[in-house]
Amino acid sequence: MFIVSACLVGCILLLQTAVYAQDTTAVKEITTPVKAKPVKNTFQSVWIIDNQTVMVPIKGTFELDIQHRFGTVTHGYSDFWGLFASSNMRLGASYAPINNLYLGIGIDKYDELWDGSAKYAIIKQTKGKIPVSITYYGDISYDSRNDPTHGIFVHSSDRIFSFNQLIIARKFGEKLSLQVAPSLSHQNSVNGFYVKNDSTGTTIFKEMKHDHFALALSGRYKIGETTAILLNYDQPITEHATKNPNPNLAFGFEFSTSGHTFQLFMGNYTLLNPAQNALFNANSPFSYNSNGTNVKGGQFVIGFNITRLWN
Amino acid sequence: MKRKLTLTISVLAVCILSFAFTTIQQPKPWPVPEKNAKMANPVKSNAESISAGKALWNLHCASCHGKKGLGDGSKAAQLKTTPQDMTVASFQSQSDGSLYYKISEGRDDMPSFKKKIPDAEDIWNLVNFTRTLKK
């Protein structure tokens, strides 16, 4: 009886020591400071309405975009605030072949414009080390409309636009991210006419310059785990002789899911190409001319961006 | 009297038959390799980790698993495998390493998240969050 009890007690003690042994082999929790990692999710999408964000998805990500811009809301119910009017649309696809690099291609209804883009995340905001994220975005587009009589394009190089932008962003806490993005747009051909063309010489008047600087200011504010408010303002900087483009004001919502991001908004830009929007925006955010009368309130269009990412 | 007896027996028979040939939905067993099950969680379960995990949960997981992990998300009805109730002891008793493995690798209806959530620390944050679902 005593031997049985002794064995039982011995077993219990052994079991107890076994339990303690497990605890001592547990991995010590990280309390020492580790190498700082870049901040995550400055933005939930590569788009913020019409502009790009600093975000470049990880290597191996494939993206499809559908973007839509409807007619202006100024006609009210007669075309259901522009939803039933003539609209512009872009289909795009992008891929990240290596980390920090994103290559894209797209086709846009207006002018049958093909565009190819490259985006590179240069530096990323890191707590205690780097205060901002900076990404470069470049886009070249080609107007592929048929022009057999060369009425629009004398040379095929006249069809080309280019766009270069440096995107600088900072995440302020979990909810607010802000971005500043100066850009340079270039149009290969501009309209012009002879002011003087005689024996004394030739002077050509160009309606616009080829190069155009602009500045974009964008912000995202999270109002829920998967919902955010978006705000964007684009200001033209270069002044042209004529046909100066309007600034752009856009505001809306973003809804995120695991694979999709939906952005629904109102803005002035309709052209779905960054260079063309910067150079040619005909819709003013502040007021417009209607039959000689100045109408306050601006010309806005409803639009959406749908993005789907696959890893 | 005889008719009443027959009626009672018929009603009882119908009741029993109505859930005969059915099985109570058991969660489909998901074996985890021992090496992965034994992997220790290097991320301290503090407010910051749980908050990060919660954000990831709401974005990636809640649509199937539900906001509180009950398996009642809006997409759950369409799935072939019903998501298990994560609030109960039978789910919570598995190791952190086991949860990490399942989130990373996925199975059938459940996607693999190792590419969607590429930072390992984020998956551990999610594991830390799922512990808070325990009732």
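Residues numbered from 1 in each chain as written. Chains lettered and ligands numbered in written order. Predicted model: local features only at pLDDT ≥ 70, side-chain atom pairs only at ≥ 80, totals over all residues.

Caption draft 1: Spatial organisation of the overall build of chain B. Assigned secondary structure in chain B consists of 6 helices and 0 strands. Over its C-alpha atoms chain B spans a radius of gyration of 20 Å, topping by over 25% the 14 Å that the globule rule assigns to 135 residues. Its C-alpha atoms give chain B principal-axis dimensions of roughly 70 × 30 × 25 Å. Scored against the burial criterion, the 135 residues of chain B give a buried share of 26%. Pairs at least 24 residues apart make up 61% of the contacts formed inside chain B by residues separated by at least 6 positions. (Helix = DSSP H or I, 4+ residues; strand = E, 2+ residues; numbered from the N terminus. Rg over C-alpha atoms; globule rule 2.2 N^0.38 Å. Buried ≥ 20, exposed ≤ 12 C-beta atoms within 10 Å, placed from the backbone. Contact = placed C-beta atoms within 7 Å.)

Caption draft 2: Main features of the overall build of chain A. On a plain count of helices and strands, chain A comes out with 2 helices and 18 strands. Out of the 311 residues belonging to chain A, those deemed buried represent 32%. Considering only contacts within chain A whose residues lie at least 6 apart along the sequence, 58% involve residues at least 24 apart.

Caption draft 3: The sheet that holds strand β3 (residues 62-72) of chain A, seen in detail. Residue and element names in this part refer to chain A. If you trace the 12 strands once around the closed barrel, you get β3-β4-β5-β6-β7-β8-β9-β12-β13-β14-β15-β18, paired in antiparallel fashion. Neighbour-to-neighbour, the strand axes of the sheet open up by a mean angle of 20°, direction not taken into account. Sheet topology note: the strand β5 (residues 101-108)/strand β6 (residues 113-123) ladder contains 8 bridges and is antiparallel. Residue pairing for β6: Ile105 is matched across the bridge by Gly116. (Pairing = 2+ DSSP bridges. Axes fitted to C-alpha atoms, helices over the stretch in contact; angles between N-to-C directions.)

Caption draft 4: Structural detail: the confidence of the model for chain A. Confidence in the prediction for chain A averages 90 pLDDT; 89% of positions are at 70 or higher. Low confidence marks residues 15-26 of chain A, where pLDDT is under 50. Its contacts with residues over four positions away, or in another chain, come to 1 contact. (pLDDT = per-residue confidence, 0-100.)

Caption draft 5: Broad picture of helix α5 (residues 96-105) of chain B. All names here are of chain B. Counting buried positions over the 10 residues of α5 gives 7, a clear majority of the element. Where the residues of α5 are buried, they touch α2 (34-37) and α6 (120-131). Following α5 by one or two positions, Gly106 adopts a phi angle in the positive range, close to 70°.

Caption draft 6: Quick peek at the nonpolar core. Formed by 30 residues in total, the largest nonpolar core has its most connected members in A:Ile49 and A:Val54. Counting residues per element, the ones that place at least two in this core are β1 (47-48), β8 (160-172), β12 (211-222), β13 (227-236), β14 (248-256) and α2 (274-280) of chain A. Broken down by element, the residue count for this core peaks at 4 residues, all from β8(A). Within the second largest apolar cluster, 19 residues are counted, among which are B:Ala52, B:Cys61, B:Cys64 and B:Leu99. (Core = buried A, V, L, I, M, F, W, Y, C linked by C-beta atoms within 7 Å.)

Caption draft 7: Representation of the interface of chain B and chain A. Chain B puts 12 residues into the contact, and the matching count from chain A is 12 residues. Partitioning the side of chain B that touches chain A into residue classes produces 6 nonpolar, 3 polar and 3 charged. (Nonpolar A, V, L, I, M, F, W, Y, C, P; charged D, E, K, R; others polar.)

Caption draft 8: The arrangement of the packing of helix α3 (residues 47-65) of chain B against α6(B) in detail. Residues and elements named next belong to chain B. Interaxial distance between α3 and α6 falls to 7 Å at its minimum, and their mutual angle equals 95°. Classed by the angle they form, the pair α3 and α6 counts as roughly perpendicular. Two secondary-structure elements touch here, α3 through Ser49, Ile50, Ala52, Gly53, Lys54, Leu56 and Trp57 and α6 through Asp122, Asn125, Leu126, Asn128 and Phe129. (Parallel < 35°, antiparallel > 145°, perpendicular 65-115°, else oblique.)

Caption draft 9: Layout of α3(B). All names here are of chain B. For α3, spanning 19 residues, the distance from its first C-alpha to its last is only 22 Å, which falls clearly below the expected 27 Å at 1.5 Å a residue. Of the residues making up α3, those classed as buried are Ser49, Ala52, Gly53, Ala55, Leu56, Trp57, Cys61, Ala62, Cys64 and His65. Looking at the packing, one finds that the buried side of α3 touches α6. With its phi angle positive at about 85°, Gly66 sits one or two positions after the end of α3. (Expected span 1.5 Å × (residues − 1).)

Caption draft 10: Seen up close, the pairing of β13(A). Residue and element names in this part refer to chain A. Both β12 and β13 contribute to a ladder of 9 bridges, which runs antiparallel. Residue pairing for β13: Ala214 is matched across the bridge by Pro236. Once β12 ends, the chain turns through 4 residues before running back antiparallel as β13. Sheet analysis places β13 next to β14, joined by 8 bridges and oriented antiparallel. For Leu230, the partnering residue across the bridge sits in β14 and is Gly252.

Caption draft 11: Looking closely at the environment of A:Leu91. Residues and elements named next belong to chain A. In this structure, Leu91 sits in strand β4 (residues 88-95). Taking the C-alpha atoms as reference points, Leu91 and Ile107, 16 residues apart in sequence, are found 5.6 Å from one another. Residues within four places of Leu91 in sequence aside, it is in contact with Asp65, Ile66, Gly106 and Ile107.

Caption draft 12: Focus on the environment of A:Thr238. Residues and elements named next belong to chain A. Along the chain, Thr238 falls in the loop between β13 and β14. Given 17 C-beta atoms within 10 Å, Thr238 falls into the partly exposed group. Along the primary structure Thr238 and Asp111 are separated by 127 residues, whereas in three dimensions their C-alpha atoms are 24 Å apart.

Caption draft 13: Spatial organisation of the packing of α5(B) against α6(B). Residues and elements named next belong to chain B. As a packed pair, α5 and α6 sit with axes 9 Å apart at the nearest point and diverge in direction by 120°. Judged by the inter-axis angle, α5 sits oblique to α6. The two elements α5 and α6 cross, and the hand of that crossing is right-handed. Seen from α5, the contacting residues are Asp96, Leu99, Tyr100, Ile103 and Ser104; seen from α6, they are Ile123, Trp124, Leu126, Val127 and Thr130. For the contact of α5 with α6, the residue count by class is 7 nonpolar, 2 polar and 1 charged. (Left-handed = near helix turned anticlockwise from the far one by under 90°.)

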